[in-house]
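Chain by chain, the residues run as shown.
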Amino acid sequence: MTNVVIGAGSGMGTAVAQVLSPRGHLIVADLSLESVQVVAKDLGADVEALACDITDNAQIEALMGRIAELDDLEAFVISAGLSGSMAPGRRILEVNLIGVARVLAAVEPHLRPGSVGICFASMSGYRVPNNHELLAVLDDPLSDKFFDNLDALGFDLEVRGAYPVSKLGVHRLVRRLAPAWGARGARIMSVSPGINDTPMNRLDEQNNPIMADFVKSGPLGRRGRPEEVASVVDFLTSDGASFMTGSDVLIDGGMVAVIPEDSTGGSVRAG
Ligand SMILES: NC(=O)c1ccc[n+]([C@@H]2O[C@H](COP(=O)([O-])OP(=O)(O)OC[C@H]3O[C@@H](n4cnc5c(N)ncnc54)[C@H](O)[C@@H]3O)[C@@H](O)[C@H]2O)c1
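Counting restarts for each chain, with residues numbered from 1 along the sequence as it is written. Totals for whole chains, interfaces and linings use all residues, but because this is a predicted model, local features are given only for residues with pLDDT of at least 70 and pairs of side-chain atoms are given and counted only at 80 or more.

A. How the structure looks around the site of the ligand. Working rule for contacts: place C-beta from the backbone, and if it is within 6 Å of a molecule or strand, that residue counts as near it. Near the ligand, the surroundings consist of 32 residues, among which Gly 9, Gly 11, Ala 80, Gly 81 and Thr 198 are the closest. Where the shell around the ligand is concerned, the elements lending two or more residues are helix H1 (11–20), helix H4 (89–107) and helix H9 (199–207). Each residue receives one of three labels: charged for Asp, Glu, Lys and Arg, nonpolar for Ala, Val, Leu, Ile, Met, Phe, Trp, Tyr, Cys and Pro, and polar for the others, Gly being one of them. Looking at the shell around the ligand, its residues break down into 13 nonpolar, 17 polar and two charged. A helix here means a DSSP run of H or I that spans at least four residues, while a strand means a run of E at least two residues long, and both kinds are numbered starting from the N terminus.

So, in structure tokens, the structure goes:
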């Protein structure tokens, strides 16, 4: 069995790599080859590190070539992503939604019965106000006109927050792909972490100190830990979750349950 984690070089992706490594051959991929080389060395055994920028078609194809050679894909996890503090809005959408959609399109021919895809979305995807025109644009992330279509709606990526919108797009992508994956005997889901103690979150809190109070206002009053998300991914990619597909699993310490209804996705740029 081959399991793959893209974005394995840091945070929750590394934690997922740790839980998947005892299952067989593991490919850890990331924009940063150095970071996954370190992860592979720490995990030892049957772990292979590859460079893969999910916005670069040639690198996506190289990873798919390796998956095709092995021809026994089981878990396929995309944890790679950028937060609102890390890049301009356009780049966030290019990575978090368009990159994820490209990778999922590329992996589809390599699915086999028992393959399971897990994409990292976010609790912030639950906070985007309902807008049918925006949803129609998000539902076509591979269109050449994607950014023109957003512009045409007057959507200002910086003001309204590209991050929550990118993650709502992932929720919807997974739902749309479930039938095609099901036809191959495969399942696909997303997970939506809340605020989780990773390098991404530490940067976000540095740039937005109010987030520390926000964390305390949640039912559990603390940040999640990467291993608390990895254990859910462990379950979702196991036979125990064999009837789950096309849905999102919220792992947010109850935060979405207590955010006031009238707050918007744009106000929660991170998490
Ligand atoms: N930390 C949080 O609070 C939080 C909350 C909700 C959702 N998320 C999401 O969970 C996922 C993991 O977040 P994290 O906190 O572990 O982040 P992180 O920054 O610790 O790790 C993300 C990894 O993705 C890699 N990456 C970035 N761009 C890439 C690209 N173009 N191609 C390939 N790899 C790329 C980075 O090099 C890094 O190793 C992300 O998708 C993030 O949006 C995080």
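So that's the structure; there's more coming.
B. Structural view of the sheet that holds strand S1 (residues 2–6). The seven strands are arranged S3-S2-S1-S4-S5-S6-S7 in an open sheet whose pairing can be described as parallel. Looking at the sheet topology across the chains shown, the edges are occupied by strand S3 (47–51) and strand S7 (248–251). Adjacent strand axes in the sheet meet at a mean angle of 15°, parallel and antiparallel pairs treated alike. Relative to strand S5 (residues 116–120), strand S4 (residues 73–78) is paired through four bridges, and the arrangement is parallel. When the bridges of S5 are listed, Ile 78 appears paired with Cys 119. Two residues qualify as being in contact provided that their C-beta atoms, derived from the backbone, are within 7 Å of each other. Axis lines are fitted to C-alpha atoms, over the contacting stretch for helices. Their N-to-C directions set the angle, which ranges from 0 to 180 degrees. Running at roughly 170° to S1, H1 makes contact with S1, strand S2 (25–30), S4, S5 and strand S6 (187–193) of the sheet. One bridge is not enough; two strands pair if DSSP finds at least two bridges between them.

C. Region of interest: helix H11 (residues 226–236). Working definition of burial: number of other C-beta atoms within 10 Å of the residue's own, with buried at 20 or more, exposed at 12 or fewer, and partly exposed in between, all C-beta atoms being placed from the backbone. Considered for burial, the residues of H11 that qualify are Pro 226, Val 229, Ala 230, Val 233 and Leu 236. For H11, the angular spread of buried residues about the axis comes to 115°, placing them on one side. Working note: the arc is built from the helix axis to C-beta atom directions.

D. Looking closely at the environment of Leu 250. Assignment of secondary structure puts Leu 250 in strand S7. The exposure class of Leu 250 is buried, given the 20 C-beta atoms found within 10 Å. Here Leu 250 is in contact with Met 123, Ser 192 and Val 256, once residues within four sequence places are set aside.

E. Examining the environment of Leu 97 more closely. Residue placement: Leu 97 occurs in helix H4. As for Leu 97 and Ser 166, which are separated by 69 residues in sequence, their C-alpha atoms are 5.3 Å apart. Leu 97 has contacts with Pro 141, Ser 166, Gly 169 and Val 170, leaving out every residue within four places of it along the chain.

F. A look at unusual backbone geometry. With a phi close to 50°, Asp 71 is a non-glycine residue in the positive phi region. Locating Asp 71 in the fold gives a position in the loop between helix H3 (57–70) and S4. On the basis of neighbour counts, which here come to 9 C-beta atoms within 10 Å, the residue Asp 71 falls in the exposed class.

G. Examining the packing of H3 against H4 more closely. The contact between H3 and H4 brings their axes to 10 Å, and the two run at 30°. When the axes of H3 and H4 are compared, the pair comes out roughly parallel. The chirality of how H3 crosses H4 is right-handed. Contacts between H3 and H4 involve Ile 60, Glu 61, Met 64 and Ile 67 from the former and Arg 102, Val 103, Ala 106 and Val 107 from the latter. In terms of residue class, the contact of H3 with H4 is made up of six nonpolar, no polar and two charged. In this scheme, roughly parallel covers angles under 35 degrees and roughly antiparallel covers those over 145, while 65 to 115 is roughly perpendicular and the rest are oblique. It is the rotation of the near helix from the far one that decides the hand of a crossing: anticlockwise by less than a right angle makes it left-handed, clockwise makes it right-handed.

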